[in-house]
Amino acid sequence: QKEVEQNSGPLSVPEGAIASLNCTYSDRGSQSFFWYRQYSGKSPELIMFIYSNGDKEDGRFTAQLNKASQYVSLLIRDSQPSDSATYLCAVSGGKLIFGQGTELSVKP
Amino acid sequence: DAMVIQNPRYQVTQFGKPVTLSCSQTLNHNVMYWYQQKSSQAPKLLFHYYDKDFNNEADTPDNFQSRRPNTSFCFLDIRSPGLGDAAMYLCATHPARGANGNEQFFGPGTRLTVL
């Protein structure tokens, strides 16, 4: 059974702080890794994707991948209240397998 | 703008009354997916099409069927909805199977309520 694990949260951070979201996966054959943001009642929207070990930065967002440890993370710098949402980690080695999501709350 | 469209956005049906959800895309993507997402849960893949090649997940109930008459449209039919089928149904597209780094594009979803 291929699994993707995330802490469900909620993760609460003050405005302006760094939010750190973590994800582990079980399938060593996984090749692509995605972070989706999902607001309540809305569909997932892509934030980042990464498929090489190391860091990938896009604005306030940094994705980090460590294939040896089967670990992928998302850092959000200068967190804003508008970042409050559920963040879904998804892993692909063919089909996309989603984690259950981490709820992030950014307090003003 | 190229996009994935789902209709209706909200659907209310009665227990046991068949319902059809639709998805259309202007992205000309080969692959289309249907997911079921219940509250506070991960999206669960029901099935997907690669062009007209239909792929059913092993644990998708027989109550769920799908049709893809052409590249642009895909339908989800729920033959006899039960209370447990109330969920958000998400349609997504992907340019080609096995293409790494290419994300799935999601439609806005259809929220299904079963009375």
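Described in the following lines is the structure provided in the data block. This structure is a prediction, so every number in the text was calculated from the model and none was measured. (Residues numbered from 1 in each chain as written. Chains lettered and ligands numbered in written order. Predicted model: local features only at pLDDT ≥ 70, side-chain atom pairs only at ≥ 80, totals over all residues. Heavy atoms only, no water.)

### Observations regarding the sheet that holds strand 6 (residues 54-58) of chain A
No. 1: Ordered by their spatial adjacency, 5 strands build an open sheet running 1-3-8-7-6 (chain A), and the pairing between neighbours is antiparallel. A strand with exactly one partner marks an edge of an open sheet, and here the two such strands are strand 1 (4-5) and strand 6 of chain A. (Pairing = 2+ DSSP bridges. Helix = DSSP H or I, 4+ residues; strand = E, 2+ residues; numbered from the N terminus.)

### Details of the state of the cysteines
No. 1: Evaluation of the coordinates by the stated rule reveals 2 disulfides over all chains.
No. 2: Here cysteine 23 of chain A connects covalently by a disulfide to cysteine 89 of chain A, the sulfurs 2.1 Å from one another. In this structure the cystine formed by cysteine 23 of chain A and cysteine 89 of chain A twists about its S-S bond by roughly -75 degrees; its chirality is therefore left-handed. Residue cysteine 23 of chain A is located in strand 3 (residues 19-25), and its partner cysteine 89 of chain A is located in strand 9 (residues 85-92); the two are separated by 66 residues in the primary sequence.
No. 3: Not part of a disulfide, cysteine 74 of chain B finds its nearest cysteine sulfur in cysteine 91 of chain B, a span of 6.0 Å. (Disulfide = S-S within 2.5 Å.)

### Here we look at the layout of surface pockets
No. 1: Considered as a void within the structure, the second largest pocket measures approximately 460 Å³ in volume.
No. 2: Looking at side-chain class alone, the lining of the second largest pocket contains 6 nonpolar, 14 polar and 4 charged residues. (1 Å grid on protein atoms, 1.4 Å probe; cavity = no way out; pocket = protein on both sides within 12 Å on 5 of 7 lines; lining within 4 Å. Points joined across faces, edges and corners; volume = space filled by probe spheres on them. Nonpolar A, V, L, I, M, F, W, Y, C, P; charged D, E, K, R; others polar.)

### With respect to the sheet that holds strand 3 (residues 19-25) of chain B
All names here are of chain B.
No. 1: Ordered in space as 1-3-8-7, the 4 strands form an open sheet in which the pairing is antiparallel. One side of each edge strand has no neighbouring strand; the edge strands of this open sheet are strand 1 (4-7) and strand 7 (64-67). Within this sheet the neighbouring strands show an average axis-to-axis angle of 20 degrees, counted without direction.
No. 2: Bridge count between strand 7 and strand 8 (residues 73-78): 4 bridges; the pairing is antiparallel. (Axes fitted to C-alpha atoms, helices over the stretch in contact; angles between N-to-C directions.)

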